[in-house]
Amino acid sequence: MKKTIHSGRASLVTLIAALALAACGQEQPQQQQAGQQEAPPHAVEVAEIARQDIPLNKSYPSLLRSDSEVTLVARVNGFLEERHFEPGQLVEQGDRLYTIEPDLYQATVNQREADLQSARAELARAQRDAQRFEQLLSQNSVSRQQYDQALADQRVAQASVAQADAALTSANLDLGYSNVTAPVSGMISLSQINVGNLVTPGTELATITPLDPLEVRFQLPQRDAFELRRQLGESGNASDISARLSVPGQYGDDSAELEGRLNFLGSRVDSGTSTVQASATFANPDGAVLPGQFVRVRVEGLKRFDVLAVPEIAVTQGLMGPRVFIVDEENKARERTVQLGEVAGPWQIIHDGLTAGERVIVGDPAGLEPGMLIDPQPFEGNAADIVAEAEQESAQQGTGQAAEAMQDGAADAQPAEGEEGAQ
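As the structure is a computational prediction, the values presented were derived from the model and not from experiment. (Residues numbered from 1 in each chain as written. Predicted model: local features only at pLDDT ≥ 70, side-chain atom pairs only at ≥ 80, totals over all residues. Heavy atoms only, no water.)

Novice: Any chance you could explain the overall build of the protein chain here in plain terms?
Specialist: The number of helices and strands found in the protein chain is 6 helices and 24 strands. For the protein chain, with 423 residues in total, the buried portion stands at 31%. By sequence separation, contacts in the protein chain at least 24 residues apart represent 74% of the contacts at least 6 residues apart. Total accessible area on the protein chain is roughly 25,900 Å²; 49% of this is exposed by carbon and sulfur atoms. (Helix = DSSP H or I, 4+ residues; strand = E, 2+ residues; numbered from the N terminus. Buried < 20%, exposed > 50% of the residue type's maximum accessible area, 1.4 Å probe, protein only. Contact = heavy atoms within 4.5 Å. Areas by Shrake-Rupley, 256 points an atom, 1.4 Å probe, with all protein chains shown as cover.)

Here's what the structure looks like:
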């Protein structure tokens, strides 16, 4: 009898436990479902996209050059007698650099001066004869033929004076060429000819390279050139556009920069390269940057007009390619595949996939999924701040993960109590 009572109680307890477990099993899915329904919206910055003008800074490779560089050449024959500079010296315009037998050319000048004096004396005699024959002709004392001959002699004497004067001018030029002077200011190179050697017209002597200012010529893609011309408008003044010159390996940094201005923008497209030639000048007062270096020129103030753009961080990679998230009328996230254009600083230009007026999620898209409820936050229009905040959060998360990994490693390195006792 007692066994029967105990058996009945055990069955009753078992039945009650089973019912309680069943009730708990039903309550947990309900609680999970309620939790899913009550999940708060994801707060992220949202902007109504509109067409705008986006500043675009682009750089172009080029070779640095000095626009006023001059190669000195001899213009007369003779032996190189003197050199009046040291290689690598900064010379000023008009400084005397070489001497090429000036005494020889001074003697020629003296001879041409004597020839000119002789010709002038002959001209004076011919003029007096012509005047005398003119008087005699009026008195019928000489024939007309004799008078004409006197006039011809006068004209020949005048031509002789002009010829002697031209010869003297040429001799003076040669005398000037025998003293080679600097046509521009700059740094002079090594001398190509040693003192004592014979030089002829065309013999290269040295090179003078002005270091301030410097010029760089580069090629603009035709689209950039068209946009730049559109930006310049009616003025067409290229100097309104600033440029920066990046030179690798200067001042101990990865790059050094010089600031300058655009001074030329070509008016035709090269059919072979589809580019437009441009040039810019840069002040280089310290002479720290030298011509011949490969550099990158960054044009500032260039714009893309009437384009759609989102912060670069808002673009992620989806299964169908680059994508952004938009917010529909129910404040839910929807995926949109887009065609990308150029990157303009923190902005990503969108060529296709978006239309003006749509609400685009411009904040950090981490954790976003299609269909997720969104709590739109106002966007102040500063894409750089959004990118900086996302990078800072990513860096903090990386630091935290590294710290956790170090703690886990330290915990794994500590021996268990049983192992310590065994030791």
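Novice: Would you mind going over the packing of helix α2 (residues 102-138) against helix α3 (residues 144-177) with me for this structure?
Specialist: Each pair of packed helices gets described by two things: the angle between the helix axes and the distance between those axes. Relative to each other, α2 and α3 sit at 165°, their axes nearing to 7 Å. In terms of axis orientation, α2 runs roughly antiparallel to α3. By crossing handedness, the relation of α2 to α3 is classed as left-handed. Grouping the amino acids of the contact of α2 with α3 by side-chain chemistry returns 20 nonpolar, 8 polar and 11 charged. (Axes fitted to C-alpha atoms, helices over the stretch in contact; angles between N-to-C directions. Parallel < 35°, antiparallel > 145°, perpendicular 65-115°, else oblique. Left-handed = near helix turned anticlockwise from the far one by under 90°. Nonpolar A, V, L, I, M, F, W, Y, C, P; charged D, E, K, R; others polar.)

Novice: What is the right way to look at helix α4 (residues 222-232) in this model?
Specialist: Along an α-helix, residues three or four positions apart point the same way, because every turn accommodates 3.6 residues. Looking only at α4, the buried set comprises D224, A225, E227, L228 and L232. Projected down its long axis, α4 shows its buried positions confined to an angular sector of 165°, all on one face. (Arc of directions from axis to C-beta.)

Novice: Help me out: how do you make sense of the packing of aromatic side chains in this one?
Specialist: Given two aromatic rings, their pairing is described by the distance between the two centres and the angle made by the two planes. Enumeration according to the criterion identifies 3 aromatic pairs in this entry. Between Y60 and F218, the ring centres sit 5.7 Å apart and the planes meet at 15°, which makes this aromatic pair stacked. Of this pair, Y60 sits in strand β3 (residues 58-65) while F218 sits in strand β12 (residues 214-221), and the two are 158 residues apart along the sequence. For the pair Y60 and F218, a shared accessibility class is recorded, and that class is buried. Above the face of the F85 ring, R83 is positioned so that its terminal group lies 5.5 Å from the ring centre. (Phe/Tyr/Trp six-rings, centres within 6.5 Å; stacked < 30°, edge-to-face > 60°. Lys NZ or Arg CZ within 6 Å of the ring centre and 35° of its normal.)

Novice: How should the nonpolar core be read in this particular structure?
Specialist: Considering soluble globular proteins, one finds that nonpolar side chains tend to be buried as a cluster. In terms of nonpolar packing, the biggest core is built from 29 residues, with L72, L97, Y98, I100, I188, L205 and I208 touching the most fellow members. Elements supplying a minimum of two residues to this core: β7 (96-100), α2, α3 and β11 (204-209). Discounting residues that sit within four places of it in the chain, L97 has contacts with L72, E82, R83, H84, F85, V91, V180, T181, A182, I188 and I208. Ranked by size, the runner-up nonpolar core spans 25 residues in total, among them A243, L245, V276 and V295. (Core = buried A, V, L, I, M, F, W, Y, C linked by side-chain atoms within 4.5 Å.)

Novice: Would you explain the side chain of S66 in this entry?
Specialist: You can see S66 is positioned in the loop between β3 and β4 (70-73). A polar contact is formed between the side chain of S66 and the backbone oxygen of P210, at a distance of 2.7 Å. S66 has contacts with T209, P210, L214 and P291, leaving out every residue within four places of it along the chain. (Polar contact = N/O pair within 3.5 Å; in protein donor to acceptor, adjacent residues only side chain to side chain.)

Novice: Hey, could you run me through the sheet that holds strand β22 (residues 347-352) in this one?
Specialist: If you walk across this open sheet you meet the 4 strands as β2-β17-β22-β21, and the pairing is antiparallel. Only two strands of the sheet have a single partner each, and these edge strands are β2 (52-55) and β21 (339-344). In this sheet, neighbouring strand axes are inclined to one another by 65° on average, regardless of whether the strands run parallel or antiparallel. Judged from the 4 bridges that link them, β21 and β22 form a sheet pairing that is antiparallel. If you follow A344 over to β22, its bridge partner there is W347. (Pairing = 2+ DSSP bridges.)

Novice: Is there a simple way to think about the side chain of S191 in this case?
Specialist: With respect to the secondary-structure elements, S191 resides in the loop between β9 (186-188) and β10 (198-199). A polar contact of 2.7 Å, which involves the side chain of S191, links it to the side chain of Y98. Engagement of the side chain of S191 in a polar contact is seen with the backbone oxygen of I193, the distance being 2.9 Å. Beyond its immediate stretch of four places on either side in the chain, S191 contacts R83, F85, Y98, L205 and A206.

Novice: Mind showing me how you'd approach the environment of P322 here?
Specialist: Tracing the backbone shows P322 in strand β19 (residues 321-327). Here P322 falls in the partly exposed class, since its relative accessible area comes to 23%. As for P322 and V338, which are separated by 16 residues in sequence, their C-alpha atoms are 5.8 Å apart. Leave out the neighbours within four places in its chain, and P322 touches V315, T316, Q317, R336, T337, V338 and L340.

Novice: Would you mind going over the pattern of salt bridges with me for this structure?
Specialist: Two side chains of opposite charge can pair, provided their charged atoms sit close to one another. Under the counting rule described, the total for this entry stands at 22 salt bridges. A salt bridge links R83 to E86; the nearest nitrogen and oxygen atoms lie 4.0 Å apart. (Salt bridge = Lys/Arg side-chain N within 4 Å of Asp/Glu carboxyl O.)

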